[in-house]
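# Examination of the molecular architecture
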Amino acid sequence: MGLNQTLTTPEIRIDRAELRKPRSLDDGTKIYEARLAIADQPLRYDWGEEIPTREALSSPEYLEGLRGLSIIAQHVKSGRLDGRAPKIGDGRRIGSAISARFDADNGEVIVELAIREKDDQMLVERNLKEVSEGYTPVIERGDDGVNRQVKRVPNHIAVTERGRAKGAKIRVDSLGV
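Residues numbered from 1 in each chain as written. Predicted model: local features only at pLDDT ≥ 70, side-chain atom pairs only at ≥ 80, totals over all residues. Heavy atoms only, no water.

Further remarks concern the overall build of the protein. Looking only at helices and strands, one finds 3 helices and 9 strands in the protein. Residues classed as buried in the protein amount to 44% of the 177 residues present. Across the protein, every contact between residues at least 6 apart in sequence was considered, and the portion connecting residues at least 24 apart equals 68%. Entry remark: accessible area of the protein is about 10500 Å², with carbon and sulfur atoms responsible for 48%. (Helix = DSSP H or I, 4+ residues; strand = E, 2+ residues; numbered from the N terminus. Buried < 20%, exposed > 50% of the residue type's maximum accessible area, 1.4 Å probe, protein only. Contact = heavy atoms within 4.5 Å. Areas by Shrake-Rupley, 256 points an atom, 1.4 Å probe, with all protein chains shown as cover.)

See the structure below:
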């Protein structure tokens, strides 16, 4: 390729927060990092669209509320990803969120998920590589007609085949997502 030629790629690439590779504790528990939510990225529901704000996702109260949440295994075929909290029996608890941080450079919420049982680890690594947060939002409708989430109260984190937020994924290997 000469100096005056331009290399084109078929897609736009955006660097996002780097997720750490999974690590194992002495008792066999695996710690996975996941990208849970992304500021200013529209979320589509049956009733319309909502946009989580940086202020909602970076709130210390929200981030503290994520710590200790139950991690639920939720298959799309049998579970509910319609914006409502799961009913008893919709999912099975497989772990806990042990930390949460807001990456201001990328506008992302990063959580650490602790999963102890080997069968549950294999389920995540082979089938359920995305996450979907259950939460109650406070919505403000702007003068532009856009619904913005200005606050979130977290309820649970589901690991699933298909999360609601684009890019909400778990890093399950040493190469990254």
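Before going further, it helps to examine the pattern of salt bridges. Scanning the model with the defined rule gives 16 salt bridges in all. For Glu33, the salt bridge goes to Arg101, with nearest N and O atoms at 3.8 Å. Residue Glu33 is located in strand 2 (residues 30–38), and its partner Arg101 is located in strand 6 (residues 92–103); the two are separated by 68 residues in the primary sequence. Three or more residues are tied together by salt bridges with common partners; here these are Arg20, Arg23, Glu33, Arg101, Asp103 and Glu112. (Salt bridge = Lys/Arg side-chain N within 4 Å of Asp/Glu carboxyl O.)

Looking now at the nonpolar core. Core analysis: the largest hydrophobic core is formed by 33 residues, its most contacted members being Val109, Leu113 and Val159. Setting aside anything within four residues of it in sequence, one finds Leu113 in contact with Lys30, Ile31, Tyr32, Ala34, Ile71, Ser96, Ala97, Val131, Ile157, Val159 and Ile170. (Core = buried A, V, L, I, M, F, W, Y, C linked by side-chain atoms within 4.5 Å.)

Here we come to helix 3 (residues 118–126). Listing the buried residues of helix 3 in full gives Asp120, Gln121, Leu123, Val124 and Glu125. Among the structural elements, strand 2, strand 5 (70–73), strand 6, strand 7 (108–115) and strand 9 (147–160) are those in contact with the buried residues of helix 3.

What follows is about the confidence of the model for the protein. Here the protein shows a mean pLDDT of 82. Residues at 70 or above account for 79%. Mean pLDDT across the elements of the protein bottoms out in strand 3 (residues 43–45) (86) and peaks in helix 2 (residues 60–66) (98). In the model, residues 6–15 has pLDDT below 50 throughout and makes 2 contacts with residues more than four positions away in sequence or in other chains. (pLDDT = per-residue confidence, 0-100.)

Where strand 4 (residues 48–52) and strand 9 come together, 3 bridges link them in parallel fashion. Paired with Glu50 across the two strands is Asn147, which belongs to strand 9. Summarising the sheet, strand 5 and strand 9 pair through 3 bridges and their orientation is parallel. Paired with Ile72 across the strands is Ala158, a residue of strand 9. (Pairing = 2+ DSSP bridges.)

This part covers the pairing of strand 4. The pairing of strand 3 with strand 4 spans 3 bridges and is antiparallel. Note on strand 4: the bridge partner recorded for Leu43 is Glu50. Where strand 3 folds back on strand 4, the antiparallel hairpin that results is connected by 2 residues.

For the rest of this paragraph, the subject is the packing of aromatic side chains. For the structure shown, the criterion picks out 1 aromatic pair. Ring plane angle 10° and centroid distance 4.5 Å describe the contact between Tyr45 and Trp47, whose orientation is recorded as stacked. (Phe/Tyr/Trp six-rings, centres within 6.5 Å; stacked < 30°, edge-to-face > 60°.)

This next bit is on the side chain of Glu133. With respect to the element layout, Glu133 can be found in strand 8 (residues 130–141). Polar contacts involving the side chain of Glu133 include one to the side chain of Arg152, which spans 2.5 Å. Those residues within four positions of Glu133 in sequence are excluded, and the remaining contacts are Leu36, Tyr62, Leu66, Arg152, Pro154 and His156. (Polar contact = N/O pair within 3.5 Å; in protein donor to acceptor, adjacent residues only side chain to side chain.)

It is worth spelling out the side chain of Arg35 at this point. One can find Arg35 in strand 2. When its relative accessible area of 7% is taken as the criterion, Arg35 is described as buried. Within the local environment of Arg35, its side chain forms a polar contact with the side chain of Glu108, the two groups lying 3.1 Å apart.

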